Each structure stands twice: as structure tokens, then as C-alpha cells.
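Secondary and tertiary structure notes
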Protein chains: 2
Amino acid sequence: MTTRIDRRRAATRNEILDAAWDLAAAEGLAGIAMRPLASAVGMQAPSLYEYFPSKDAIYDAMFAEGNRELAESYVALPDPADVGAREALIASTRAFIEFCNENEPRFTLMFQRSIPGWRPSDDAYQEAVDNLRRLDAFLECCGITDMRSRDLWTAIVTGLASQQVTNDPGGDRWLTLIDETVDMFLAARVAT
Amino acid sequence: MTTRIDRRRAATRNEILDAAWDLAAAEGLAGIAMRPLASAVGMQAPSLYEYFPSKDAIYDAMFAEGNRELAESYVALPDPADVGAREALIASTRAFIEFCNENEPRFTLMFQRSIPGWRPSDDAYQEAVDNLRRLDAFLECCGITDMRSRDLWTAIVTGLASQQVTNDPGGDRWLTLIDETVDMFLAARVAT
DNA sequence: GTCTATACACCGATAGAC
DNA sequence: GTCTATCGGTGTATAGAC
């Protein structure tokens, strides 16, 4: 059961995480420091350790939060059985690249290994694996069943997202390539 | 003119850079610390500042060195006029992914933003731009002239390389997808 | 229980003696 | 050119006030 004290703790944890995202947006993901983070929520640095056992644990919670947000964006995707593989792939790719493009620190944390020495915990990583499994199921509904095709498709989609975020953050230079990319990929699959 | 003392300095600089690559391989790129690096070449930390003005300058020299190595691997590529676009694209993509795959810290330094707060200097970045220009010229010889096609191709190639290095370092899971990727890309170009 | 104060070990970088 | 000593920063552990 959740007591009042548990809810208070959870609220403070969320407050800390929100401040961490703000700091990441302003100073970069690796620019989060414990003392400024603490003062952003009106604490001294050591008090943060009442809510997170380490700085890495804060990154871990942010990683998990990002994956839950990605999972939410997946539930809005159309059913390939309704709209066909082409439209479904276009919609999912667009959703993914837009997700990456709208919050650069979140993209960096989730899809690049950019925090020295940090790796997601097993629990947090499980949420990422769950998302990958959801994507696999989605691709299977689109008729992409073999591993080599899935490997190629994930490489293409992550490549587009990474180029977009890195070289045109917030823009659409690679977003506008999605339709022809999907057509190219599907045409090759029909051909073989 | 290069005096004996200049050559001695250059030799020491190379010694430091070699030790830095070794440390990066062992501790991760961001795990390079000045004191261990200094002791690896038999110095105290402050002496390093006689050869590099800052730690970032060491990353900068490593970045430039990596780009020169990449440029060297480009000169061995076949001429598209000799072997045709398909073979030329396959060879260049294979060379690039193998380059990324054979030295993970070098890949991380050159193609990911993984050192917090560090960006290559203008001089070092120029070498990366030169390499990109070489790649553009090469793609043009392969008949890939418009920007959208180049954007798509660079996204695909960097996506393959990143998946290979991240998820199967030293292996060939994405390397073996090159041939069909090139065929897919070229078929779509002929079709439109 | 939650906070503050203090301290520790490490970091990159600098000053100045030799 | 290399050293020692040191500075201000980091993440983090701990003691203890309230």
C-alpha cells in the first residue's frame, strides 16, 4: 500500500527528475552536477542521496522515464492490418525520429553511450528491451520477419534519427526522407 | 625548418598520444585522466601541459589522427569508373564500417559526441570536413549527386556502422548486410 | 525521516622553484 | 623542461542537528 509518506517521497523524486531534465537541457546531459541540482529543488547536495543512491541512479531513472514516454508514443501508432505496411512503417519511423528530435538530452541518454562509465541498470534496461520487443512485433505485422531485415531496418531508422538530431536538431532535413526510405526498403523486400 | 629539439618534442607528443589510445582502450575514452596518462609516459601530470595546453587538446590531436587514418583508408578504394557504382559503394561502405569496428574509442571520438563539453577545434574539424568532401566526390562518381540521396546514404552507412560497433563490436552482424543494402539503394535510385 | 555541515578522494589546471 | 604544491571543482560518505 502507498502511504502518505511514500507519495511525498515519490513527489520529491519527480521534482528532482524534472529539475535534472531542465539542467540537462541547459548544461548538457553530462553537465548535471549534484550541488546545482540540489539547489534547484531547494536542498543541499547530500540530501539528494535520500532519494537516489547515486548520480548514476538519477540517470537510470531518467532513462526509464524516457523509455516509458517512448512506449506511450507507440500505443498511438496505427495497426498495420488497418493501414498497410507502408503507412504503418512511415508512421512508426516518423514517431521515432520526432521522439528523438524533440528532446536532445533524452535521445543522447537513451540511444548513445554518452555518460562516461554509466550503463542502465538491469531494471531500466528491461524497459528498453520491452520497447524493442514491441517494435519487433510491429515490424512483424508489417511483414518484416527475418532478423537480417530487422537489423537493416533498425540500422536505417537509427541512422536517420541520429543524423537528424546531430546535424539538424529540431529541423526536418532527414524527417522528410522517411517516405522514400520506406518505399525503397519495401521495394527491395518485394524484389527478393 | 625542423630542429632536433622540434623532433624531440614531436616524438614525445606521439608517445603521449599512443599512451592515450592505450588508456582509452582500457578505461574508455572518457576514462583518460591526466595523472595516469603522465605516469604511463614517465612524467608528472603538469609536464603534460608542456606538450598539450589542455586535456581537450589531447582529444583534439587524437581526433585529427583518426581522420588522417580514415583518409588513408580512402586512397585504397577502387575507382568507380573502373569497377562500377555497385562495387565501389560496397568497397567504400565496407572500408568505413571496418574502420569504425576495429577501434571503438576512435569511432566514439570521431562520430559520437561522447566527451562532455568537448568539440573538435576548427583545424581538426577541417580534416573531418575534408574527408566528408572526399566521400561526396566518391559518391558523385557513383552517380549519387543530389543532396537528398547523399543524406539518405550517409544516414544508412552511419546507421550500419553505429549498430555494428554498439551491438556487435568486432563482429560482422551488420557488415554482412552491405551488399544487399547497396543493391536496395541503387535499385530505388534507378526506379525513380 | 529529512536535512545540514563537514570531509575525502579524485579531477583538470596553474604557480613557481629548480 | 620537470618538478612540488596547490586551487577550485566533482561525486559521495558520514556525523549529527532537528
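No experiment lies behind these values; they were computed from the predicted model shown.

1. A closer look at the overall build of chain A
Within chain A one finds eight helices and zero strands. When the elements of chain A are put in sequence order from the N terminus, they spell out α-α-α-α-α-α-α-α. In terms of principal-axis extent, the alpha carbons of chain A reach across some 60 × 40 × 25 Å. Expressed as a percentage of the 192 residues in chain A, the buried residues total 46%. Considering only intrachain contacts with a sequence separation of at least 6, the fraction spanning at least 24 residues in chain A is 70%. Just so you have it, chain A exposes about 9,800 Å², and 50% of that area is on carbon and sulfur atoms. Measuring between centres, the 19 positive side-chain charges of chain A sit 5 Å from its 30 negative side-chain charges.

2. With respect to the domain arrangement of chain A
Residue and element names in this part refer to chain A. When its domains are assigned, chain A resolves into domain 1 (1-52) and domain 2 (55-191). Inter-centroid distance (C-alpha atoms) of domain 1 to domain 2 is 28 Å. Listed per partner, the contact involves 12 residues of domain 1 and 14 residues of domain 2. In this assembly, domain 1 packs against domain 2 so that about 1,300 Å² is buried in total across both faces, 79% of it on carbon and sulfur atoms. The tally of links from domain 1 across to domain 2 stands at zero salt bridges. At the junction of domain 1 and domain 2, the tally comes to three residue pairs in polar contact (both at pLDDT 80 or more). Those elements that place two or more of their residues in the side of domain 1 that touches domain 2 are helix 1 (4-27) and helix 2 (34-40). At six residues, the largest contribution of residues to the side of domain 1 that touches domain 2 is made by helix 1. Class assignment for the residues of the side of domain 1 that touches domain 2 results in 11 nonpolar, no polar and one charged.

3. So, the protein's contact with DNA strand C
By nearness alone, 15 residues border DNA strand C, and A:Gln44, A:Ser47, B:Arg35, B:Tyr49 and B:Lys55 come closest of all. A share of 52% of the atoms of DNA strand C within 4 Å of the protein falls on sugar and phosphate groups. A distance of 3.4 Å separates a phosphate oxygen of DNA strand C from a polar side-chain atom of A:Ser47. Between A:Tyr51 and DNA strand C, the recorded distance is 2.9 Å, taken from a side-chain N or O atom to a phosphate oxygen. Grouping the amino acids of the surface near DNA strand C by side-chain chemistry returns eight nonpolar, three polar and four charged.

4. Regarding the packing of helix 4 (residues 80-101) of chain A against helix 5 (residues 104-111) of chain A
Residues and elements named next belong to chain A. In contact at an axis separation of 6 Å, helix 4 and helix 5 are set at 110° when each is read in the N-to-C sense. By the angle class used here, helix 4 and helix 5 are roughly perpendicular. Of the residues in helix 5, those touching helix 4 at Phe-96, Phe-99 and Cys-100 are Glu-104, Arg-106, Phe-107, Met-110 and Phe-111. Its residues assigned to classes, the contact of helix 4 with helix 5 shows six nonpolar, no polar and two charged.

5. A short note on the packing of aromatic side chains
Counted by the stated rule, this structure contains 10 aromatic pairs over all chains. Centre to centre, the rings of A:Tyr59 and A:Trp118 are 6.2 Å apart; their planes meet at 55°, and the pair counts as tilted. With A:Tyr59 in helix 3 (residues 55-75) and A:Trp118 in the loop between helix 5 and helix 6 (122-141), this pair connects stretches of sequence that are 59 residues apart. The burial state of A:Tyr59 is the same as that of A:Trp118; both residues are buried. Arranged with centres 5.7 Å apart and planes meeting at 65°, the rings of B:Phe63 and B:Trp118 form a pair that is edge-to-face. Of the two residues, B:Phe63 sits in helix 4 (residues 55-75) while B:Trp118 sits in the loop between helix 6 (104-111) and helix 7 (122-141), which places them 55 residues apart along the sequence.

6. Regarding the protein's contact with DNA strand D
Neighbouring DNA strand D are 14 residues; A:Arg35, A:Tyr49, A:Lys55, B:Glu50 and B:Tyr51 lie closest to it. Taken together, the sugar and phosphate atoms account for 52% of what DNA strand D places within 4 Å of the protein. Contacts to DNA strand D include A:Tyr49, whose side-chain N or O atom sits 2.7 Å from a phosphate oxygen. In the model, a phosphate oxygen of DNA strand D is placed 2.8 Å from a nitrogen or oxygen of the A:Lys55 main chain. Taken together, the residues of the surface near DNA strand D sort by class into eight nonpolar, three polar and three charged.

What counts and what doesn't
Residues numbered from 1 in each chain as written. Chains lettered and ligands numbered in written order. Predicted model: local features only at pLDDT ≥ 70, side-chain atom pairs only at ≥ 80, totals over all residues. Heavy atoms only, no water. Helix = DSSP H or I, 4+ residues; strand = E, 2+ residues; numbered from the N terminus. Buried < 20%, exposed > 50% of the residue type's maximum accessible area, 1.4 Å probe, protein only. Contact = heavy atoms within 4.5 Å. Areas by Shrake-Rupley, 256 points an atom, 1.4 Å probe, with all protein chains shown as cover. Lys, Arg positive; Asp, Glu negative; His and termini not counted. Charge placed at Lys NZ, Arg CZ, Asp CG, Glu CD. Domains from an automatic or database assignment. Buried area = accessible area lost by both parts, 1.4 Å probe. Salt bridge = Lys/Arg side-chain N within 4 Å of Asp/Glu carboxyl O. Polar contact = N/O pair within 3.5 Å; in protein donor to acceptor, adjacent residues only side chain to side chain. Nonpolar A, V, L, I, M, F, W, Y, C, P; charged D, E, K, R; others polar. Near = heavy atom within 4 Å. Axes fitted to C-alpha atoms, helices over the stretch in contact; angles between N-to-C directions. Parallel < 35°, antiparallel > 145°, perpendicular 65-115°, else oblique. Phe/Tyr/Trp six-rings, centres within 6.5 Å; stacked < 30°, edge-to-face > 60°.

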